[in-house]
Amino acid sequence: MIGFGAPTKAGSEKAHGSPLGLDEIKGARERLGWNWPPFQVPADIGAAWRAAGARSRTTRLAWEQRLASVAPERRAEFERRIAGDLPNDALAAAVRDVKEKLAATPKEIATRVASEQALEALTAAVPEMVGGSADLTGSNNTRPKGTVPFTAANPAGRFIHYGVREHGMASAMNGMALHGGVIPYSGTFLVFSDYARPAIRLAALMSQRVIHVLTHDSIGLGEDGPTHQPVEHLAALRAIPNLLVFRPCDAVETVECWQLALLARTSPSVLALTRQNLPQLRTDVDAENRCAAGAYELLAADGGAARVSLFASGSEVAIAVEARKLLAARGIAARVVSVPCFELFLAAPAAQQRAVVGTAPVRIGIEAAIRQGWDAVIGSDGLFVGMSGFGASGPYKDLYRHFGITPERVVEAAFTKLSTT
């Protein structure tokens with residue numbers, strides 16, 4: 001019973017939303033037989049608590065002795081993981097290796113598949129990573145080849161079958177992160193982040209390194225229909241303070257975003273990944289992590305100053321690249337800026353942000369989602385090509401044409417704006 005013992009407020013909403021007050025507290029004390037002054041702990045109760053506190057002292061000291069007896073190298077590895085430090089050299093080498101392989105043999109794959117390939121290298125380099133999925137393993141691609149499930153009989157497993165319980169999964173990962181020694185990650189569809197949102201928000205509030213792989217990130221999932229097609233979810237997640245929302249445009253950006261999520265020691269991360277295949281737009285081996293800037297110029301304007309700046313994330317970066325070609329064919333110089341992470345971009349120094357935004361008179365944002373949040377990048381007078389309502393059921397290419405998220409629509413918007421500037 002809420003407010004149990006209070007004379008007039010017990011069992012009432014009055015005991016929920018406001019302080020009991022001195023009279024109710026006095027009455028509750030009398031009813032409950034509590035005769036001691038405020039903040040005084042009776043001797044017998046204090047003794048019981050102190051005994052409970054000392055109960056496991058012998059066990060704790062024995063554990064410390066066992067740890068001290070472990071070989072120095074193994075003890076150092078344990079202490080590294082518990083402290084939350086990364087094996088930075090191994091991580092950097094793994095990322096570099098993946099990027100070199102991608103440069104040697106570019107791949108047109110979905111970013112969810114690119115994520116799985118990145119995880120094969122990253123989980124080998126960072127052994128404290130423990131993955132999972134909310135019964136969507138085959139769709140989320142969160143189980144690298146050779147990964148063994150975690151079970152009661154095999155606690156050495158590094159993959160957890162959470163079942164269809166996104167909120168429970170996200171909450172469990174928060175607990176794992178708070179305990180220390182592991183870096184939890186898991187997967188579901190982006191639209192189902194609604195179920196996990198309270199736990200994702202708590203991870204941000206508690207500054208915990210928890211990584212959510214959220215696939216099927218737009219109307220590009222196609223035939224599953226509007227119930228499964230996220231349109232407002234990117235904006236909703238970007239609104240959570242201290243949460244990093246990554247939406248990579250190709251396989252190279254995917255491994256870079258994974259690296260940044262692992263490096264974000266005091267922030268949870270979301271990786272929003274595609275179902276549909278995307279071209280690999282970056283084929284050079286970059287020593288730096290370009291996604292770390294949050295946004296960067298992917299393609300400069302040809303033949304002088306840009307008249308149009310195209311900003312996009314994820315699958316729509318490829319649309320921006322094609323629109324740039326169409327504009328060039330019509331004598332309009334345009335540049336393409338990839339925006340994999342709003343939060344990192346908006347945290348950058350103002351001068352760096354201005355350099356990325358550029359001085360082109362026409363700025364167009366492109367994302368298969370709602371506009372909310374994009375004004376921070378393109379300005380309130382910028383144009384936006386994206387969604388303003390829910391999706392529909394059909395092949396993803398048909399849906400992009402139906403909703404006007406195409407290179408041709410971007411070109412049309414650019415010319416309309418240029419004619420008035």
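Above this text sits the structure in question.
What counts and what doesn't
Residues numbered from 1 in each chain as written. Predicted model: local features only at pLDDT ≥ 70, side-chain atom pairs only at ≥ 80, totals over all residues. Heavy atoms only, no water. Helix = DSSP H or I, 4+ residues; strand = E, 2+ residues; numbered from the N terminus. Contact = heavy atoms within 4.5 Å. Areas by Shrake-Rupley, 256 points an atom, 1.4 Å probe, with all protein chains shown as cover. Lys, Arg positive; Asp, Glu negative; His and termini not counted. Charge placed at Lys NZ, Arg CZ, Asp CG, Glu CD. 1 Å grid on protein atoms, 1.4 Å probe; cavity = no way out; pocket = protein on both sides within 12 Å on 5 of 7 lines; lining within 4 Å. Points joined across faces, edges and corners; volume = space filled by probe spheres on them. Nonpolar A, V, L, I, M, F, W, Y, C, P; charged D, E, K, R; others polar. Pairing = 2+ DSSP bridges. Axes fitted to C-alpha atoms, helices over the stretch in contact; angles between N-to-C directions. Patch = residues over 30% accessible without salt bridge, like charges linked within 9 Å, V, L, I, M, F, W, Y side chains within 5 Å. Salt bridge = Lys/Arg side-chain N within 4 Å of Asp/Glu carboxyl O. Buried < 20%, exposed > 50% of the residue type's maximum accessible area, 1.4 Å probe, protein only. Parallel < 35°, antiparallel > 145°, perpendicular 65-115°, else oblique. Left-handed = near helix turned anticlockwise from the far one by under 90°.

Student: Residues and numbers for the overall build of the protein chain, please.
Tutor: Counting its regular elements, the protein chain contains 17 helices and eleven strands. By principal-axis analysis of the C-alpha atoms, the protein chain measures approximately 85 × 60 × 45 Å. In the protein chain, once contacts between residues fewer than 6 apart in sequence are set aside, the share between residues at least 24 apart is 73%. Accessible area for the protein chain stands at about 20,100 Å²; split by element, carbon and sulfur atoms hold 56% of it. In the protein chain, 44 positive and 41 negative side-chain charges are present, and the distance between their average locations comes to 4 Å.

Student: An account of empty space enclosed by the protein is needed here, citing residue identities and associated values.
Tutor: Scanning all chains against the criterion turns up one cavity of 30 Å³ or more. As for the largest cavity, its lining consists of Met169, Ser186, Gly187, Thr188, Ser193, Ala196, Ile200, His212, Val213 and Leu214. Every element with two or more residues in the lining of the largest cavity is listed here: strand E3 (183-189), helix H9 (193-205) and strand E4 (211-215). Per-class residue counts for the lining of the largest cavity are five nonpolar, five polar and no charged.

Student: Pulling in residues and values, what's your account of the environment of Ala348?
Tutor: In this structure, Ala348 sits in the loop between helix H13 (342-347) and helix H14 (350-357). For Ala348 and Leu263, which are 85 residues apart along the polypeptide, the C-alpha to C-alpha distance reads 17 Å.

Student: Mind laying out the sheet that holds strand E1 (residues 129-133), listing which residues take part and the relevant values?
Tutor: Consider a sheet: its strands pair through backbone hydrogen bonds, and that pairing is either parallel or antiparallel. Spatial strand order, E2-E1-E3-E4-E6-E5: six strands in an open sheet with parallel pairing. With one partner strand each, in any of the chains shown, strand E2 (159-161) and strand E5 (244-246) form the two edges of the open sheet. Neighbouring strand axes in the sheet, compared pairwise and without regard to direction, differ in orientation by 20 degrees on average. Direction of pairing for E1 relative to E2: parallel, over a ladder of three bridges. Looking at E2, one finds that Gly132 is bridged to Ile160. Against the sheet, helix H11 (residues 251-263) engages E1, E3, E4, E5 and strand E6 (269-272), with an angle of about 170 degrees to E6.

Student: Kindly report on the sheet that holds strand E11 (residues 383-386), identifying the contributing residues and their values.
Tutor: Pairing in this open sheet of five strands is mixed, and the strands run E7-E9-E8-E10-E11 from one edge to the other. Bordering the open sheet on either side are strand E7 (296-299) and E11, each of which pairs with just one other strand. Strand-to-strand twist in this sheet, taken as the mean axis angle between neighbours without regard to direction, amounts to 30 degrees. Pairing geometry for strand E8 (residues 308-312) and strand E9 (residues 334-338), over five bridges, is parallel. Note on E9: the bridge partner recorded for Leu310 is Val336.

Student: Pulling in residues and values, what's your account of a nonpolar patch on the surface?
Tutor: A contiguous nonpolar patch, built from Met1, Phe4, Leu32, Trp34, Trp36, Val41, Ile45 and Trp49 and spanning about 940 Å² of accessible area, is present on the exposed surface. Within the fold, Trp36 resides in the loop between helix H1 (22-32) and helix H2 (43-54). On the basis of relative accessible area, Trp36 is assigned to the partly exposed category, the value being 34%.

Student: Can you lay out the packing of helix H8 (residues 166-179) against H9 for me, pointing to particular residues and giving the numbers?
Tutor: Describing two packed helices takes the angle between their axes plus the distance from one axis to the other. At a closest axis distance of 7 Å, the pairing of H8 and H9 adopts a crossing angle of 15 degrees. Considering their axes alone, H8 and H9 lie roughly parallel with respect to each other. Where H8 crosses over H9, the two elements pack in a sense that is right-handed. Across the interface between the two elements, Glu166, His167, Ala170, Ser171 and Asn174 from H8 touch Tyr195, Ala196, Pro198, Ala199, Leu202 and Ala203 from H9. When the residues that make up the contact of H8 with H9 are grouped by side-chain class, the tally is seven nonpolar, three polar and one charged.

Student: Break down the pattern of salt bridges for me, with residues and values.
Tutor: Inspection of every chain in the model, using the stated rule, returns 22 salt bridges. For Arg247, the salt bridge identified is with Asp217, shortest N-O distance 2.8 Å. Residue Arg247 is located in the loop between E5 and H11, and its partner Asp217 is located in the loop between E4 and helix H10 (233-238); the two are separated by 30 residues in the primary sequence. Taken individually, Arg247 and Asp217 each receive the classification buried, so the pair is uniform in this respect. For Glu322, the salt bridge is made with Lys325, and the minimal N-O distance between the two is 3.3 Å. Placement of the pair is Glu322 and Lys325 together in helix H12 (residues 316-329), with a separation of three residues, close to one helical turn. Note on Glu322: relative accessible area 37%, which makes it partly exposed. Via salt bridges that share partners, Asp217, Arg238, Arg247, Glu316 and Glu367 belong to a single interconnected network.

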